[in-house]
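# Observations on chain architecture
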Amino acid sequence: MTRPLTALFAGGGTTGHVAPMLAIAEDLKFQDPAAEIIMLGTPAGLETRLVPEAGFELVTIDKVPAPRSLNADLLRFPGRLAGTVREVRRLIRKRHIDIVVGVGGYVCPPAYLAARLAKIPVIIHEANARPGLANRLGAGFTPAANIGYTFSGTPLKGSQVGMPIRSQIEIVDYTDPAQRAAARRHLGLREDLPTLVVTGGSSGAQRLNEAFAHAMKEIAAAGVQILHITGAGKAAEVAAAAASVPDYHVVEYVDGMHSAYLAADLLIARSGAGTVAEVSITGVPTVFVPLAIGNGEQRLNAAGLVESGAALMIDNADFDTTAVTGTILPLLTDPVRLQAMSDAALAADFPMAAARTMVHKMYAALGREHPHRPYPPELLNRKERTKDD
């Protein structure tokens, strides 16, 4: 009898890495409840909170960033990296790990190198349109069949699988008026007004908050409603500015972004890989305001939707009150254009069920039969439901 699968998932630092890692692990756990799942992260990343909250074991190693210049850190780097690789190799031996699944971040290079030395398979998911250094390294010594990425133009061998995300996003049907009306009621919004949802993610976006806070006079006269998700601890300034505008709703967070997507006629958001994937799946018309961080991946993530006409892009430096009054409000009150944007997003047929695809890759790499445990109806995305009808 084959012993249960033991998998080491490597990734962390940001929600953009941790969320897809957890989604893949949750699908594996559903398919094989006996599987042993270990998460590898650093002591300083969001994984220290999110992984235990999801019920998985977390093992941490030191973060060993590659030096960007000629200095003392560059001289110490090879020894520090070798030390973390030895740590992961010991973990692989001690826990009888069968496979390493990496999603990017500082812990991935040691995990990929240790897996190679241990001669066990490496599975990689790349979230961003421009791959990070860790996944470019890992892709150099794992077969293309073991690599999946979110966006079609990603310059890695492998295949587009979409973004591993929570099933609630894939279940919603943005074309269903009943679902959209129910979402507005759930969020305390009116059903009869053009609706804008503004979000800067869990940490908020001060630039967006300030631009809308200074456009309240024009917003009040536009006959629209706004749900503004400010981020934790950032609601006070916007709420004070909107105090006299009855259809301006300010909250720090929304429990279940699928409801916000359904409620929105138009969305304003950053263009992290997760958000762009969710917009692609739901089809909500969007104005992206990318942050110029990392290697410029946010702009690249949204480029495909913008080129197709499904979204607009405004640089962070250019997003001000004039952008709100001159671009956002006219678009929000143009239902014909909004419908065309939504149609363009849905026509792209963005891949769903990415977590399931990545788990299939795991079993294939190990030469094991996938359990093929059937999913309950509440976990089937809208494409799967249509196929079974």
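Nothing here was measured: the structure is a model prediction, and the numbers come from that model.

Per the counting criterion, the structure on display carries 14 salt bridges. One salt bridge connects Arg49 with Glu53, and the closest N-O pair in it is separated by 3.7 Å. Pair noted here: Arg49 and Glu53 are both in helix 2 (residues 47-53), with a separation of four residues, about one helical turn. For Arg49, a relative accessible area of 45% translates into the label partly exposed. Salt-bridge contacts for Asp315 lead to Arg299; the nearest nitrogen and oxygen are separated by 2.0 Å. With a gap of 16 residues between them, Asp315 in the loop between strand 13 (311-313) and helix 14 (321-332) and Arg299 in helix 13 (residues 297-308) connect regions that are remote in the sequence. On the basis of relative accessible area, Arg299 is assigned to the partly exposed category, the value being 41%. Members of the salt-bridge network, linked through shared partners, are Arg3, Asp98 and Arg368.

In this section: the nonpolar core. If you look at the biggest cluster of nonpolar residues, it comprises 37 residues, and the most contacted ones within it are Val197, Leu227, Leu267, Val284, Phe288 and Leu305. Of all the secondary-structure elements, those providing two or more residues to this core are strand 9 (225-229), helix 11 (257-263), strand 11 (266-269), helix 12 (273-282), helix 13 and helix 15 (335-347). Examining the composition of this core, we find that five residues originate from one element, helix 12, more than from any other. Apart from residues lying up to four places away in sequence, Phe288 is in contact with Ala269, Arg270, Ser271, Thr275, Val276, Val279, Ala302, Leu305, Ala311, Leu312, Met313 and Ile314.

Before going further, it helps to examine the sheet that holds strand 13. Across the sheet, which stays open at both edges, the six strands sit in the order 10-9-8-11-12-13 with parallel pairing between neighbours. Only two strands of the sheet have a single partner each, and these edge strands are strand 10 (248-251) and strand 13. Going across the sheet, the axis of each strand differs from the next one's by a mean of 15°, ignoring polarity. As defined by bridge partners, strand 12 (residues 286-288) adjoins strand 13 across three bridges and the pair is classed as parallel. Counterpart to Thr286 in the pairing with strand 13 is Ala311. Sitting on the sheet, helix 12 touches strand 11 and strand 12, and the angle it makes with strand 12 is about 160°.

Here the focus is the environment of Gly231. Checked against the element boundaries, Gly231 lands in the loop between strand 9 and helix 10 (236-241). Along the sequence, Gly231 and Ala205 sit 26 residues apart, while their C-alpha atoms lie 7.4 Å from each other.

The next subject is unusual backbone geometry. In this structure, Lys119 takes a positive phi of about 60° despite not being glycine. Among the structural elements, Lys119 can be located in the loop between helix 4 (108-118) and strand 5 (122-126). Even without glycine at this site, His372 takes up a positive phi of about 55°. Structurally, the position occupied by His372 is in the loop between helix 16 (354-366) and helix 17 (382-388).

Further remarks concern the UniProt feature "binding site: UDP-N-acetyl-alpha-D-glucosamine" (unreviewed entry) in the chain. The feature "binding site: UDP-N-acetyl-alpha-D-glucosamine" (unreviewed entry), as given by UniProt, occupies Asn128, Arg166, Ser202 and Gln298 in the numbering adopted here. Structurally, the position occupied by Arg166 is in the loop between strand 7 (159-160) and helix 6 (167-171).

Note that strand 2 (residues 36-41) and strand 3 (residues 57-60) share four bridges and pair parallel. Residue pairing across strands places Leu40 opposite Val59, the latter belonging to strand 3. Read from strand 2 through helix 2 to strand 3, the crossover connection turns out right-handed.

Rules and cut-offs
- Residues numbered from 1 in each chain as written.
- Predicted model: local features only at pLDDT ≥ 70, side-chain atom pairs only at ≥ 80, totals over all residues.
- Heavy atoms only, no water.
- Salt bridge = Lys/Arg side-chain N within 4 Å of Asp/Glu carboxyl O.
- Helix = DSSP H or I, 4+ residues; strand = E, 2+ residues; numbered from the N terminus.
- Buried < 20%, exposed > 50% of the residue type's maximum accessible area, 1.4 Å probe, protein only.
- Core = buried A, V, L, I, M, F, W, Y, C linked by side-chain atoms within 4.5 Å.
- Contact = heavy atoms within 4.5 Å.
- Pairing = 2+ DSSP bridges.
- Axes fitted to C-alpha atoms, helices over the stretch in contact; angles between N-to-C directions.
- UniProt positions renumbered as here; feature names shortened; annotations may be inferred.
- Right-handed = clockwise from strand over helix to strand, strands pointing away.

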